[in-house]
Amino acid sequence: MQEATRLIAVRHGETAWNVDTRIQGQLDIGLNATGLWQAQRAGSALADEPIGVVYASDLSRAWQTAEEIARPHGLAVQPEPRLRERAFGHFEGLSFAEIEATLPVQARLWRERDPEFEPEGGESLLMFRDRVTGVAAELAARHPGELVVLVAHGGVMDVLYRAATRQELQAPRTWQLGNAAINRMLWTPEGFSLVGWSDTAHLATDTPLDETTS
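Model, not experiment: these values are computed from the prediction.

Parameters at a glance
- Residues numbered from 1 in each chain as written.
- Predicted model: local features only at pLDDT ≥ 70, side-chain atom pairs only at ≥ 80, totals over all residues.
- Heavy atoms only, no water.
- Core = buried A, V, L, I, M, F, W, Y, C linked by side-chain atoms within 4.5 Å.
- Buried < 20%, exposed > 50% of the residue type's maximum accessible area, 1.4 Å probe, protein only.
- Helix = DSSP H or I, 4+ residues; strand = E, 2+ residues; numbered from the N terminus.
- Contact = heavy atoms within 4.5 Å.
- Axes fitted to C-alpha atoms, helices over the stretch in contact; angles between N-to-C directions.
- Parallel < 35°, antiparallel > 145°, perpendicular 65-115°, else oblique.
- Left-handed = near helix turned anticlockwise from the far one by under 90°.
- Polar contact = N/O pair within 3.5 Å; in protein donor to acceptor, adjacent residues only side chain to side chain.
- Pairing = 2+ DSSP bridges.
- Expected span 1.5 Å × (residues − 1).
- Arc of directions from axis to C-beta.

Q: Looking at this structure, I do not really get the nonpolar core. What am I missing?
A: In a soluble, globular protein the nonpolar side chains are often hidden away together inside. Counting 27 residues, the largest nonpolar core has L7 and L150 as its most contacted members. Elements with a contribution of two residues or more to this core: β1 (5-11), β2 (51-56), α6 (125-141), β4 (147-152), α7 (154-165), β5 (182-188) and β6 (191-199). The biggest single contributor to this core is α6, with 7 residues. Apart from residues no more than four positions distant in its own chain, L7 is found in contact with A140, L147, V148, L150, N183, R184, M185, W187 and F192. Counting residues in hydrophobic clusters, the runner-up holds 16 residues, among them I8, V10, A56 and V149.

Q: Would you explain the packing of helix α2 (residues 33-45) against helix α3 (residues 60-70) in this entry?
A: Helix packing geometry: the angle between the two helix axes and the distance between the axes. The contact between α2 and α3 brings their axes to 7 Å, and the two run at 30°. On the basis of the axis angle, α2 is roughly parallel to α3. In terms of crossing hand, the pair formed by α2 and α3 is right-handed. Between α2 and α3, the residues in contact are L36, A39, Q40, A42 and G43 and T65, E68 and I69, respectively.

Q: Could you clarify how one ought to interpret the environment of E14 in this entry?
A: Take E14: it is sitting in the loop between β1 and α1 (16-19). If we skip the residues at most four places from it in the chain, E14 touches V19, L31, N32, T34, G35, Q38, N179 and L209. A polar side-chain atom of E14 sits 2.9 Å from a polar atom in the side chain of N32.

Q: Hey, could you run me through the pairing of β4 in this one?
A: Along a regular strand, successive side chains alternate from one face of the sheet to the other. Along β4, 6 of the 6 residues are buried, which leaves the element largely enclosed by surrounding structure. Neither face of β4 is left uncovered, since the one carrying L147, V149 and V151 and the one carrying V148, L150 and A152 both have all their residues buried. Across 6 bridges, β1 lies against β4 in parallel orientation. Paired with R6 across the two strands is L147, which belongs to β4. Alignment of β2 against β4, held across 5 bridges, turns out to be parallel. Each bridged residue has a counterpart across the sheet, and for Y55 the counterpart in β4 is L150.

Q: Can you walk me through the sheet that holds β5 in this structure?
A: Within a beta sheet, neighbouring strands are joined by backbone hydrogen bonds and run either parallel or antiparallel to one another. The strand order across the open sheet formed by 6 strands is β3-β2-β4-β1-β5-β6, and the pairing between neighbours is mixed. Since the sheet does not close on itself, it has two edges, and those belong to β3 (78-79) and β6, each with one partner. When β2 meets β3, the two strands line up parallel, connected through 2 bridges. Residue pairing for β3: Y55 is matched across the bridge by Q78. In the packing of α3 onto the sheet, contacts are made with β1, β2, β3 and β4, and the angle to β2 comes to roughly 170°.

Q: What am I meant to see in α2 here?
A: Residues lying three or four places apart along an α-helix face the same way, a consequence of the helix completing one turn every 3.6 residues. With 13 residues, α2 should reach 18 Å at 1.5 Å per residue; the first-to-last C-alpha distance of 18 Å fits that figure. Taken residue by residue, α2 has G35, Q38, A39, A42 and G43 as its buried positions. An end-on view of α2 places all buried positions within 140° of arc, on one side of the element. Opposite the buried face of α2, by more than 90 degrees, sit the exposed residues A33 and S44. Turning to α2, the residues buried within the fold contact α3. The N-terminus of α2 is capped by N32, whose side-chain oxygen sits 3.2 Å from the backbone nitrogen of T34.

Shown next as C-alpha cells:
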C-alpha cells in the first residue's frame with residue numbers, strides 16, 4: 001500500500017489587485033509590499049518543516065511566495081503551470097463591480113457557481129477542478145511519504161478544500177482562503193483528506209484578504 005504524501009498548500013501573498021477586488025485569473029500580477037511580507041512570514045513559519053520539494057504556479061505572485069518558502073531549505077522552486085489560477089477570459093482585469101455592471105447575466109452565473117459556465121476565453125469550474133485535482137494528485141504521487149508544498153492561488157485552494165472534504169462545486173463557501181495561509185492535507189491513491197486549514201498564526205499582526213477569485 002502506497003504511503004501517504006503530506007501536502008502543504010499555500011495561496012500567494014497579497015497583490016494590489018486583491019486589494020482592488022480586480023480579477024487576476026492568469027494575468028501575471030506580482031506581490032505588493034504586504035504580499036512580500038506575508039510570503040516571508042510563511043517561509044519563516046515553514047522553515048523547520050521537513051519539506052522535500054516546492055512546486056508553484058509560474059505566475060509571479062505564486063512564484064515569489066514559493067521562493068520565500070523554498071529558500072530556508074535550499075530548494076529550487078519547481079514550476080508547474082497547471083497550478084495557475086482559473087482562466088477567467090474576458091473577466092480578467094475587471095473589478096467585481098465592473099463585471100456586475102457590464103455583464104450582469106454572466107455575473108449571475110459566476111456568482112451562482114454554475115459548474116458549466118465559461119467566461120469567454122476562460123475555463124468552467126468543471127474544467128478547472130479537473131485540472132487542479134489532476135495535477136495535485138500527480139505531484140503527490142511522485143513523493144510518497146514526503147512533505148510537498150504547493151504554492152498557487154485562491155481558486156486552486158478552494159478546489160483542493162472541496163476535494164479533501166467532498167464538497168460539491170456548487171456548495172456555498174464557508175471556509176477561508178486568505179493570502180499566505182497555510183493549509184495541510186494528505187494524499188493517497190484513494191484521494192485527498194484534510195488535516196488543517198487556514199493557519200494564519202504567522203500573520204498575527206496582519207489580516208489577510210480572503211480569496212474571491214484570484
